[in-house]
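Architecture at a glance
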Amino acid sequence: MAAHVIFHIGKGGVGKSTLSALSALAAAERGKRVLLLSLDPAHNLSDIFLEEFADTPVPVRDGLLVAEADVDAWIRRSLRETEQRMRAAYSYLTALNLEHHFRVLRHSPGLEEFALRRVFEHTREQWRDHDVIVVDMPPTALAMRFFAAPTVSAAWTGHLLALRREIKDRREMITRVKLGKKELETDRVLRTLVEEQRKNDALRSFFGDASRCSVRLVLNPDPLSWREGERIASALDECGIALRDILVNRFAGEDSPVPAALSALPRVHVPQFHPLPVGIPALQSCLDGLPAELSAF
Amino acid sequence: MSVPTTLGEHLRRLLAQLDAVQRGKAVDAVEWEYDELRHIFALLVMGQAVGLPAPPADISLALLPEMEEELRILLRRLDTAQAPFSQLFSSLPSE
């Protein structure tokens, strides 16, 4: 059975990284095999564990691996792969000046969430034998683009597929009239689009499947956090993704009024830690004071 | 190519050529439409280069290596961009 994936999403600075680290550590403490992955380009896990992390997960204790995705490296890798495929597929003349175009592409909007998606899919595949993959997400804007990416891509592939099928019909008509036979050659563009559509559908269905994936909203008990949480829930709902629960971090006994749209979701209250836990011993010492629901997966 | 020797063979060749010409004419408009659709497809996938809304990067990057011919159409269009009407009318039937 593949690893269950748990995303921690929320406004910047609410404590996503700390709660991701604590819940991953608590689950490892209970004997689960856990991978903690940061998809936030401004990583915090190194500061929390007082250890340098990179793309390749490293063990920090029994049953717990930690990695920080190198988003820029994944963007460079994707562009390099495309460039190589273009050089192999294109004839000499068109392949000229590819480097120049790819330098421009590096700054195209949308590459960051594309790279996040690649890291995520690669990690999920490579560590599928683990029990849990805990993901520390970037702040709201980029995180929402990540979750919306397969839905947006599906809309584009749907439109491009319809157009490509029209093109294929015309080509078959021309070949039939001119040569008296049907075109047998396969359309590689059409095949690539069908494959992209399949991948988008698979990821959308994964995000929407509560048995394989959970999204936890992390917030602080203040009105701004709750308002942003409401917008996150609504945006996720548009992508067919439901929140699993709400982690109210730095809870000191008093909460802001809960917006109606979020009132039905289970809430887990996590107390404020003084000082903030940094390093494995400090993190470990916080585990006793944590609500059991934080790592109940 | 062998030289036709009999009248029958001449006639057969003539009919074959007429057939090819008529078939070519019959699909002229469809061919033009086919090129236009591919041009639109290329613009949609690579529109970012000319300021059009572009699909997400994953789709463009997946398709680009398979789109040499479409890229050629785009570049050809750049050459004829100053004379779009002459190109359009040249693809229409003369009568």
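Residues numbered from 1 in each chain as written. Chains lettered and ligands numbered in written order. Predicted model: local features only at pLDDT ≥ 70, side-chain atom pairs only at ≥ 80, totals over all residues.

Attention now goes to helix H5 (residues 111-126) of chain A. The terminal C-alpha atoms of H5 of chain A, which comprises 16 residues, lie 22 Å apart, in line with the 22 Å expected from a rise of 1.5 Å per residue. When we look at burial in H5 of chain A, the residues that qualify are Leu 111, Glu 113, Phe 114, Ala 115, Leu 116, Arg 117, Val 119, Thr 123 and Arg 124 of chain A. In the core, the buried residues of H5 of chain A are packed alongside strand E1 (4-9), strand E2 (34-38), helix H3 (71-89), strand E5 (132-136) and helix H6 (140-179) of chain A together with helix H3 (57-63) of chain B. (Helix = DSSP H or I, 4+ residues; strand = E, 2+ residues; numbered from the N terminus. Expected span 1.5 Å × (residues − 1). Buried ≥ 20, exposed ≤ 12 C-beta atoms within 10 Å, placed from the backbone. Contact = placed C-beta atoms within 7 Å.)

At the interface, 32 residues of chain A touch 29 residues of chain B. Elements that contribute at least two residues to the side of chain A that touches chain B include exactly H3, H5, H6 and helix H7 (188-207) of chain A. Here the side of chain A that touches chain B takes 16 residues from H6 of chain A, the largest share from any one element. Of the residues in the side of chain A that touches chain B, the class split is 15 nonpolar, nine polar and eight charged. (Nonpolar A, V, L, I, M, F, W, Y, C, P; charged D, E, K, R; others polar.)

Residues and elements named next belong to chain A. Here H3 crosses H5 at 95 degrees, and the two axes come no closer than 9 Å. Comparing their axes, H5 and H3 come out roughly perpendicular. Taking contact as the criterion, the partners of Val 71, Trp 74, Ile 75 and Ser 78 in H3 are, on H5, Leu 111, Glu 112, Phe 114, Ala 115, Leu 116, Arg 118 and Val 119. (Axes fitted to C-alpha atoms, helices over the stretch in contact; angles between N-to-C directions. Parallel < 35°, antiparallel > 145°, perpendicular 65-115°, else oblique.)

What follows is about unusual backbone geometry. Leaving glycine aside, a negative phi is the common case for residues, and trans is the common case for peptide bonds. All names here are of chain A. Cis geometry marks the peptide bond from His 274 to Pro 275; its omega dihedral reads -10 degrees. Along the chain, Pro 275 turns up in the loop between strand E8 (267-271) and helix H9 (280-286). At Leu 50, a residue that is not glycine, the phi angle is positive and equals roughly 55 degrees. With respect to the helices, strands and loops of the structure, Leu 50 is situated in the loop between helix H2 (45-49) and strand E3 (58-61). Its identity is not glycine, yet Arg 250 carries a phi of approximately 60 degrees, on the positive side. In this structure, Arg 250 sits in strand E7 (residues 245-251).

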